[in-house]
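# Fold and geometry: a report
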Amino acid sequence: MTDDVLLVHGGTPLEGEIRVRGAKNLVPKAMVAALLGDEPSRLRNVPDIRDVRVVRGLLQLHGVTVGPGEEAGELVLDPSHVESANVADIDAHAGSSRIPILFCGPLLHRLGHAFIPGLGGCDIGGRPIDFHFEVLRQFGATIEKRPEGQYLEAPQRLRGTKIRLPYPSVGATEQVLLTAVLAEGVTELANAAVEPEIEDLICVLQKMGAIISMDTDRTIRITGVDRLGGFNHRALPDRLESASWASAALATKGDVYVRGASQREMMTFLNTFRRVGGAFEVDDAGIRFWHPGGPLNAIALETDVHPGFQTDWQQPLVVALTQASGLSIVHETVYESRLGFTSALNQMGAHIQLYSECLGGTPCRFGRRNFLHSAVVSGPTKLQGANLVIPDLRGGFSYLIAALAAQGTSHVHGIDLINRGYENFMDKLRALGAHVELPAPVES
Ligand code: EPZ
């Protein structure tokens, strides 16, 4: 398909300004939260990305009206007439995103049953959903696997419960929050994820009338209430997209002002960016990221749950590490297969060796399971244009960065996947002076 290929002529620093809006990993979940209310909600700073469109479609199938608000990027969601959706219609969304799993709690509360199609999302590891179903069972739901997907029922009102997650999963924590707020009694969630997007979801739920407290030891307590209203909320900015553009600025020796980027949620990234040798300047409206000249520094890096170095920051930064002097060590502890994208960087001239041992830091869950989850990146290396096939969202953006930093032309296939999480990325690339073009369609 020619329209899914991008020609990238590399070697030009990215320079200029782009803007990021609300976080991909918060906005669709806040949209699901609107389903819990009995009044309309207003969500602002909503990016036009595929995950938002998928959730919008699923909400509409369930009787929620979703329309534009007064300001650009505002959605008004009215859940006054929630109804069961046709299984075949829901199933049309199978494989499109991971968010449908978060419809379980809200639909069980509103309708007493829920149907969840096969999930999509990036292929960066096994991505099981066992934690989700286990917590839903603890709330009192029954789950039946049918050929077309999972069918859930709540024979009676769901009950608050005591849960300890085996790992601080973002999705499972959101599942608990979206279910516990209307369950009967108190829910105590230990070993919860505490990512900024989760805190923002808690803010959304609190605006709706939920009672939720967070302890410093990753314990979240939720006191169930009988009803929730609507919310009016401005989504927190996308710290993952912001870091992607920062890494692009560094790898291409450029200078990019990311309007909307927020320091508070990016502190760990900013420290690492500075250690590598990148420069940044924060003001009230955004952050400027640039390559200050001279060699970049090799570093040891370990991904972790918040407040550690976010796994989604890893792939774009690894491209910049191919330009650093010396040996960098990267230990990926969140997704077992998130370093697979590096083989294409090696084809472009990078020197990246993968290991199944936990290199450079704390032993993790993957150490004894033979996953290639550690990398040694030796640099600096000159990158050459290549034929690249996008493997997943962040890996895909990383390929774009590598192609932009490389000499010569790259053909990047599968660019449509990037629309899942990067709003108007083609316009942004062009605004930063990237030489990119879509090949002309072949005449038939
Ligand atoms: C969210 O995925 C994000 N996705 C991911 O962003 C992000 O990388 C991840 O959190 C970690 O921060 C969305 O918010 C839509 P997890 P999620 O549950 O919730 C294991 C991006 O590029 N696990 O925290 O699916 C799992 O296999 C995407 O923007 C189970 O074993 O992630 C993984 O090893 C990619 N069983 C770890 O937990 C379960 O039931 C963390 O996953 C659930 C998770």
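An unreviewed UniProt entry lists the chain under the name UDP-N-acetylglucosamine 1-carboxyvinyltransferase, with Streptantibioticus silvisoli given as the organism. In its Subcellular location (unreviewed entry) section, the UniProt entry covering the chain states "Cytoplasm". The annotation that UniProt attaches to the chain under Sequence similarities (unreviewed entry) is "Belongs to the EPSP synthase family. MurA subfamily."

UniProt tags Cys 122 as "modified residue: 2-(S-cysteinyl)pyruvic acid O-phosphothioketal" (unreviewed entry). On the accessibility criterion, Cys 122 (9% relative accessible area) is buried. If sequence neighbours within four positions are ignored, Cys 122 has contacts with Arg 127, Asp 392, Leu 393 and Arg 420.

On to unusual backbone geometry, then. Here the bond from His 306 into Pro 307 is cis, since omega is 10 degrees, no more than 30 degrees from zero. Position of Pro 307 relative to the elements: it lies in the loop between strand S18 (300-302) and helix H10 (311-321). In this structure, Pro 380 follows Gly 379 across a cis peptide bond, with omega equal to 5 degrees. Tracing the backbone through its elements, the reader meets Pro 380 in the loop between strand S21 (374-379) and strand S22 (387-389).

Per the stated rule, a full pass over the model turns up 20 salt bridges. Asp 312 is the salt-bridge partner of Arg 394, the closest N and O atoms lying 3.9 Å from each other. Placement of Arg 394 in helix H12 (residues 393-405) and of Asp 312 in helix H10 is noted, with a sequence separation of 82 residues between them. The pair Arg 394 / Asp 312 is uniform in exposure class, with both members buried. Here the salt bridges do not stand alone but share partners, grouping Asp 38, Glu 39 and Arg 227 into one network.

Helix H6 (residues 170-180) packs onto helix H5 (residues 130-139) with a crossing angle of 25 degrees between their chain directions and a minimal axis gap of 9 Å. Regarding the angle of H5 to H6, the classification is roughly parallel. Like other packed secondary-structure pairs, H5 and H6 cross with a definite hand, here right-handed. Touching Phe 131, His 132, Val 135, Leu 136 and Phe 139 of H5 are Gly 171, Ala 172, Gln 175, Val 176, Thr 179 and Ala 180, all from H6. Among the residues forming the contact of H5 with H6, the class breakdown is seven nonpolar, four polar and no charged.

Rules of the game
Residues numbered from 1 in each chain as written. Predicted model: local features only at pLDDT ≥ 70, side-chain atom pairs only at ≥ 80, totals over all residues. Heavy atoms only, no water. UniProt positions renumbered as here; feature names shortened; annotations may be inferred. Buried < 20%, exposed > 50% of the residue type's maximum accessible area, 1.4 Å probe, protein only. Contact = heavy atoms within 4.5 Å. Helix = DSSP H or I, 4+ residues; strand = E, 2+ residues; numbered from the N terminus. Salt bridge = Lys/Arg side-chain N within 4 Å of Asp/Glu carboxyl O. Axes fitted to C-alpha atoms, helices over the stretch in contact; angles between N-to-C directions. Parallel < 35°, antiparallel > 145°, perpendicular 65-115°, else oblique. Left-handed = near helix turned anticlockwise from the far one by under 90°. Nonpolar A, V, L, I, M, F, W, Y, C, P; charged D, E, K, R; others polar.

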